[in-house]
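Fold and contact review
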Amino acid sequence: MGAAFDTIAFKASLCDGCGDCMTTCAEVKQGASRIDIVPGATENAFELAICRQCGDPKCAMVCPSGALAKDGGSGVIGWDSDKCVDCLLCTAGCAFGGIAVDPSVARVAKCDQCGGDPACVKSCPTGALEFRKAGSLYREYGDKEDLFVPGLSGCLGCNSELIMRHAMRKIGRNAVLATPPGCIPGMGSVGYNGKTGTKVPVFHPLLTNTASMLAGIRRYYDKIGRKDIVVMALAGDGGTADCGFHAVSGAAERGEKILYICVDNEGYMNTGMQRSGTTPYGSWTSTTPVGEHMKGKTQDAKNLPMIMAAHKCRYVATASTGYMEDLYDKLDRAIEASFEGFAYLHIYSPCPTGWRIPSNKVIDACRMSVETNFVTLWEYTPATGIRFTRSPDNALPITAYVKMIGKYRHLSQEQLDHIQAKVDEQVALLRIMAAESPPPPPAHRPPAPLSAPAGSDSSQPSLRREISRN
Amino acid sequence: MNKILHTAKTIVCDGNEAAAWGACLSRPDMVAVYPITPQSSLVEYLAKFIAEGKMSADLMDVEGEHSVLSVLHGACLAGARTYSATSAQGLAYMFEPYFRTPGLRLPMVVSLVTRDAVSPTCVWGGQQDAMTVKEVGWIHMYCETQQEILDTIPIAYKVAEHPDVMLPVNVNHDGNYLSYGVARVELPDQAVVDSFLGEKNVNWHACLDPERPMAVDPLTGGAGGVGPATFVRYRKGQCSGMQTALQVIEDAHADWGKRTGRHWSPLIEEYRMDDAEVALVTIGSMTGAAKDAVDEARLDGHKVGIVKIKTFRPFPIQRIAKALSKVRAIGVVDRAVNFGWNCGPVFQEVLGALYHLPVRIPAMSFIGGLAGADITVEHFTQAIDRTNRLAAGEMATLPVWLNEND
């Protein structure tokens, strides 16, 4: 596999120019800040000057003493103070302002990513700075066996394939995989006419019984002592939230040891983009069309992950392919939890075809959905309750997201206001649930035994007597 | 003389308990249940047996019959022997996975405690539920007595799991009359059942096991190429499994009879048919009253016999045609309705079998025992009388509703 590296990313739209990152860097590095927030082209706009840790570093190319070199492991351009002859040619070579003279010591200084845990990112109050670890993920999982056939026939830009391949690379071969009718088997994961599309045991459950079939599989393997198999679904929102919900809810209530991943593209996209219970208000779909008398869906989406949290599952989380690090962390926790109880992972996954998004804008749409709080990233365990894994603070107005998506093209101001109000309401409720940390467990006192009432016959009445009485 | 061999114990129980004992002795790995009248006490017995350690099966109390069959699909594909029971609305709710079971060639056994289906709202016996699903591809066997219920369940596993069959089996018993009716029942010794059934191997053909990775039930068909031909191969396989089952059912009953001393008629039972000029066709628990009525009619000099159907799917066409070939008129008594043909469903099946004969034998449809009604000896006497008149040349009418004026 090729090289890929983690990076500090900057979202200019979220930066308010507070300068906390620079203050923190200066403190940590005991000198001039290696990150610079500078005024942008317009008022209240800011830009970032920081070392990009270039793949083709011009600073290193112009250095006459070999003091600058890219590290093959971390990707960081390292500066060797012993070799440096203080010629400052590098400061002219870099077009990004990524290496500059620190006046306090009269030598160059540059970002070293604090060894993989950059202090500036942690100090940013608005989320404008992020440390993206996708590079590490790529290095870690790039060499793992891919468990699907090459050339799954998903639509261009669809993230389902990404979710499938990543999830199964992580989980490996000791798994049984259900892919209920929808885009995921539709793109060939179960295969056609006797040929399989994956290297693990895979099947189409009915659209309606995924969680139940998995429960039966898991129970039998547990019974015969094969407890290490991951029994899992890669399902869509329709089969999960609508017609298959009874099975999901029943399995969750019984605590069946299943990993249930719902890939939510907000509708029945495989059958031609019909509305589902998770289709958001206002969406155009082929069954909530836009015309003189109808302007898209008139109901709000049901929030399935919150419903699953109410089942007190062993683990519930939301995730987005725009935040792969977060998704990977949650996948790890969900897999682990699935050996103990019901683990539910809800991944929001735009449908470029059905939502009318250019295929190269899907990840942007994912990120914007989170930055506007249209999608919130959180996780739940019975012990911790709901916890945000990305702060919903400083969200952008919903318009920033909606305008990227063609299925909202027709929205009136009134409809937009409705969506914003519902998003705010949803986040407010989540905040209430997340802010209330659970009280410490009570000092353990076993409950009093259920003693039989004095003088009564403690034996159970026989079944036969019960029946004959009826 | 039928010497009873290897009986562990004799009990008095109703048909639901007999079914639970039949399941218990067959040692399923997984039992899934959801209660419904008149099946409920059956699943309570299963739960009790499991709670008491009589059965080592895992009990899955799931949220509805749709999931009952679905969890068992999963368990069976993982290698489990499975059992459940349902009735009427439960069967209707189960229909989606039920429809799929034979196509997956899953050798499951499910008892149907037969009942009339809503609407009109009714929770009592009838066979409308089981008769409505006769074309799905399950094997259907109807029991006449509590003992036959118990014995037929292990026989059903033997048939279902036969490598040339690999099809699901419904062992049906009448709601109310068998489910709650109490009789003396011999419990065979566990060792007898164990050696009768042998080693289970339920997922050699299709499994969900990381040690044998495969795609189970990939998309099949399409407009051309190998798809439709592949689909036809699967469908033909189901049909040939069904036809093979006719012999396997006979063999399994014979084997069971040898081991337990109880010889049940596997496909059809012929009662006083040797010299019969008129025949009734019956199915299920009604047959006892029919036999009494025939005995009485014989005392009056009427040469009447009975063909009782035990195996309704696959339909034993040749056996039935042969058994009925010598009579001059036939009365078929049903406990359900075929709305499309305005007759009983068994009647319509029998007509199809009769077409294999070179002669045309007049036949009439009688429908009785709906919604828990009793089909009495008097009702059968009425049916015999009407069939006698049919033999004498009176025109047939469709159908006679036996309980209409009770």
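Being a predicted model, the structure only gives us computed values, none of them experimental.

Points about the side chain of Glu 379 of chain A
Residue and element names in this part refer to chain A.
- Looking at where Glu 379 falls in the secondary structure, it is placed in strand S15 (residues 378-381).
- Residue Glu 379 is classed as buried on the basis of its relative accessible area of 7%.
- Looking at Glu 379, its side chain comes within polar contact range of the side chain of Arg 333, at 2.9 Å.
- When near neighbours in sequence (up to four residues on either side) are disregarded, Glu 379 contacts Tyr 315, Val 316, Ala 317, Lys 330, Arg 333, Gly 385, Ile 386, Arg 387 and Thr 389.

Some words on the packing of helix H10 (residues 317-324) of chain B against helix H11 (residues 345-354) of chain B
Residues and elements named next belong to chain B.
- Where H10 meets H11, the closest approach of the two axes is 8 Å, and the angle between their N-to-C directions is 80 degrees. Taken as axis vectors, H10 and H11 run roughly perpendicular relative to one another. Contacts between H10 and H11 pair Ile 317, Ile 320, Ala 321 and Leu 324 from the former with Val 350, Ala 353 and Leu 354 from the latter.
- Its residues assigned to classes, the contact of H10 with H11 shows 7 nonpolar, no polar and no charged.

Quick look at the interface of chain B and chain A
- Listed per partner, the contact involves 48 residues of chain B and 40 residues of chain A.
- Taken as a group, Leu 208, Pro 210 and Leu 219 of chain B account for 17% of the area that chain B buries against chain A, more than any other trio of residues on that side.
- Inspection of the chain B/chain A interface yields 4 salt bridges.
- One salt bridge in this structure joins Asp 209 of chain B and Arg 226 of chain A, with 2.6 Å as the shortest N-O distance.
- If you look at where chain B meets chain A, you find 19 residue pairs in polar contact (both at pLDDT 80 or more).
- Elements represented by at least two residues in the side of chain B that touches chain A include exactly helix H2 (40-51), strand S3 (58-61), helix H3 (65-78), helix H4 (88-100), strand S9 (215-216) and helix H8 (226-260) of chain B.
- Considering each element in turn, the side of chain B that touches chain A owes the most residues, 9 residues, to H3 of chain B.
- Its residues assigned to classes, the side of chain B that touches chain A shows 23 nonpolar, 12 polar and 13 charged.
- In this sheet, S9 of chain B lies alongside strand S10 (residues 202-203) of chain A in parallel orientation, the contact comprising 2 bridges.

Some thoughts on the environment of Ala 215 of chain A
- With respect to the element layout, Ala 215 of chain A can be found in helix H8 (residues 210-223).
- Exposure remark for Ala 215 of chain A: the relative accessible area of 0% places this residue in the buried category.
- As for Ala 215 of chain A and Gln 30 of chain A, which are separated by 185 residues in sequence, their C-alpha atoms are 57 Å apart.
- Setting aside residues up to four positions removed in sequence, Ala 215 of chain A forms contacts with Arg 254, Glu 256 and Ile 258 of chain A together with Met 60 and Val 71 of chain B.

Description of a nonpolar patch on the surface
- A cluster of nonpolar residues, Met 61, Val 62 and Leu 89 of chain A, forms a patch on the protein surface that exposes about 270 Å² of accessible area.
- The topology assignment puts Met 61 of chain A in helix H2 (residues 58-62).

Some points on the confidence of the model for chain A
- Of the residues in chain A, 92% have a pLDDT of 70 or more, and the chain-wide mean is 91.
- Throughout residues 456-470 of chain A the model reports pLDDT below 50, and contacts reaching past four residues in sequence, or to other chains, amount to 10 contacts.

A closer look at the pattern of salt bridges
- Within this structure, the stated rule accounts for 56 salt bridges over all chains.
- A salt bridge links Asp 117 of chain A to Lys 122 of chain A; the shortest N-O distance between them is 2.9 Å.
- Given a relative accessible area of 43%, Asp 117 of chain A falls into the partly exposed group.
- Residue Asp 58 of chain B pairs with Arg 219 of chain A through a salt bridge whose shortest N-O separation is 3.8 Å. One end of the pair, Asp 58 of chain B, is in strand S3; the other, Arg 219 of chain A, is in helix H8, on a second chain.
- Among the residues examined, Asp 58 of chain B registers a relative accessible area of 23% and is labelled partly exposed.
- Sharing partners across several salt bridges, the network here consists of Glu 144, Glu 148, Glu 269, Lys 291, Lys 308 and Lys 310 of chain B.

Observations concerning the domain arrangement of chain A
All names here are of chain A.
- According to the domain assignment, chain A contains domain 1 (7-136) and domain 2 (147-434).
- Residue-level contacts link 10 residues of domain 1 with 7 residues of domain 2.
- Summing both sides of the interface, domain 1 and domain 2 together bury roughly 720 Å²; the carbon and sulfur share of this comes to 46%.
- The interface formed by domain 1 and domain 2 holds 2 salt bridges in total.
- Glu 130 is the salt-bridge partner of Arg 367, the closest N and O atoms lying 2.9 Å from each other.
- Taken together, the connections running from domain 1 to domain 2 amount to 3 residue pairs in polar contact (both at pLDDT 80 or more).
- Top element by residues in the side of domain 1 that touches domain 2 is strand S8 (residues 129-132). It accounts for 3 residues.

A short note on the nonpolar core
- Grouped together as the largest cluster of nonpolar side chains are 117 residues, with contacts concentrated most on Tyr 260 and Phe 342 of chain A together with Leu 324 of chain B.
- Looking at this core, the element that brings in the most residues is H3 of chain B, giving 8 residues.
- For Tyr 260 of chain A, the contacting residues outside a window of four places in its chain are Thr 210, Ala 211, Ala 233, Ala 235, Gly 239, Thr 240, Val 248, Phe 342, Ala 343, Tyr 344 and Leu 345 of chain A.
- Of all hydrophobic cores here, the second largest spans 55 residues; its members include Cys 25, Met 269, Cys 351 and Leu 416 of chain A.

Here's the deal with a negative patch on the surface
Residue and element names in this part refer to chain B.
- Side chains of Asp 292, Glu 296, Asp 300 and Glu 378 sit close together on the surface and give a patch of like negative charge.
- Here Asp 292 lies in helix H9 (residues 287-299).
- A relative accessible area of 42% means that Asp 292 is categorised as partly exposed.

With respect to the sheet that holds strand S13 (residues 311-313) of chain B
All names here are of chain B.
- Spatially, the 7 strands line up as an open sheet ordered S3-S2-S4-S5-S7-S6-S13, and their pairing is mixed. Bordering the open sheet on either side are S3 and S13, each of which pairs with just one other strand. Looking at each pair of strands side by side, their axes are set apart by 20 degrees on average, direction ignored.
- Bridge count between strand S2 (residues 30-33) and S3: 4 bridges; the pairing is parallel. Within S3, the position partnered with Val 33 by the bridge is Asp 61.

Section: helix H6 (residues 160-171) of chain A
All names here are of chain A.
- An ideal rise of 1.5 Å per residue puts 16 Å on 12 residues; H6 measures up with 16 Å between its terminal C-alpha atoms.
- Taken as a whole, H6 has its buried residues at Ser 160, Ile 163, Met 164, Arg 165, Ala 167, Met 168, Arg 169, Lys 170 and Ile 171.
- In the stretch just after H6, Gly 172 is the one whose phi turns positive, near 85 degrees.

Observations concerning the sheet that holds strand S12 (residues 259-264) of chain A
- One open sheet holds the 9 strands; their spatial order is S16(A)-S15(A)-S13(A)-S14(A)-S12(A)-S11(A)-S9(A)-S10(A)-S9(B), and the pairing between them is mixed. Of all strands in the sheet, those with a lone pairing partner are strand S16 (385-388) of chain A together with S9 of chain B, marking the two edges.
- Note that strand S13 (residues 315-320) of chain A and strand S14 (residues 343-348) of chain A share 6 bridges and pair parallel. Bridge assignment links Tyr 315 of chain A to a residue of S14 of chain A, and that residue is Ala 343 of chain A.

A closer look at the side chain of Thr 387 of chain B
Residues and elements named next belong to chain B.
- As for its position among the elements, Thr 387 is in helix H12 (residues 377-391).
- On the accessibility criterion, Thr 387 (0% relative accessible area) is buried.
- Of the polar contacts made by the side chain of Thr 387, one reaches the backbone oxygen of Ala 383; its length is 2.6 Å.

About the thresholds
- As a convention, each chain's residues are numbered from 1 in the sequence order in which they are written.
- Both sets of labels track the order of writing: A upward for chains, 1 upward for ligands.
- Local features are withheld for residues below a pLDDT of 70 in this predicted model, meaning they are given only at 70 or higher, and side-chain atom pairs are given and counted only at 80 or more; totals for whole chains, interfaces and linings count all residues.
- Heavy atoms from the whole structure form the basis of all side-chain values; hydrogens and water molecules are not counted.
- In DSSP terms, a helix is any run of H or I states spanning at least four residues, a strand is any run of E spanning at least two, and both are numbered starting from the N terminus.
- When a residue's accessible area, from a 1.4 Å probe over protein chains only, is under 20% of the maximum for its type it is buried; when over 50% it is exposed; and in between it is partly exposed.
- Distance and chemistry together define a polar contact, namely a pair of N or O atoms within 3.5 Å, with one atom able to donate a hydrogen and the other to accept it when in protein, and with adjacent residues in sequence counting only for side-chain atoms on both sides.
- What makes two residues a contact is simply this: any of their non-hydrogen atoms within 4.5 Å.
- Interaxial angles span 0 to 180 degrees and are taken between N-to-C directions of axes, which are lines fitted to C-alpha atoms, for helices over the stretch in contact.
- For classification purposes, an angle smaller than 35 degrees is called roughly parallel, one larger than 145 roughly antiparallel, one from 65 to 115 roughly perpendicular, and anything else oblique.
- All residues other than Ala, Val, Leu, Ile, Met, Phe, Trp, Tyr, Cys, Pro, Asp, Glu, Lys and Arg, Gly among them, are scored as polar; the first ten of these are nonpolar and the last four charged.
- Summed over both partners, the accessible surface that disappears when two parts come together, traced with a 1.4 Å probe, is what is meant by buried area.
- Within this document, salt bridges are pairs made up of a side-chain nitrogen of Lys or Arg and a carboxyl oxygen of Asp or Glu, the two lying within 4 Å of each other.
- Strands are treated as partners if at least two bridges between them are detected by DSSP.
- Note that patches include only residues with greater than 30% relative accessible area and no salt bridge, and the join distances are 9 Å for like charges and 5 Å for nonpolar side chains (Val, Leu, Ile, Met, Phe, Trp, Tyr).
- The method behind every accessible area is Shrake-Rupley, applied with a 1.4 Å probe, and residues are considered shielded solely by the protein chains displayed.
- The predictor's confidence in any single residue is recorded as pLDDT, a number from 0 to 100.
- An automatic or database domain assignment supplies the residue ranges for each domain.
- Residues belong to one nonpolar core when they are buried, are Ala, Val, Leu, Ile, Met, Phe, Trp, Tyr or Cys, and are joined through side-chain atoms within 4.5 Å.
- Charged residues are defined narrowly, with Lys and Arg counted positive, Asp and Glu counted negative, and His plus the chain ends left uncounted.
- Charge positions are represented by NZ for Lys, CZ for Arg, CG for Asp and CD for Glu.
- By this rule, a helix spans an expected 1.5 Å times one less than how many residues it contains.

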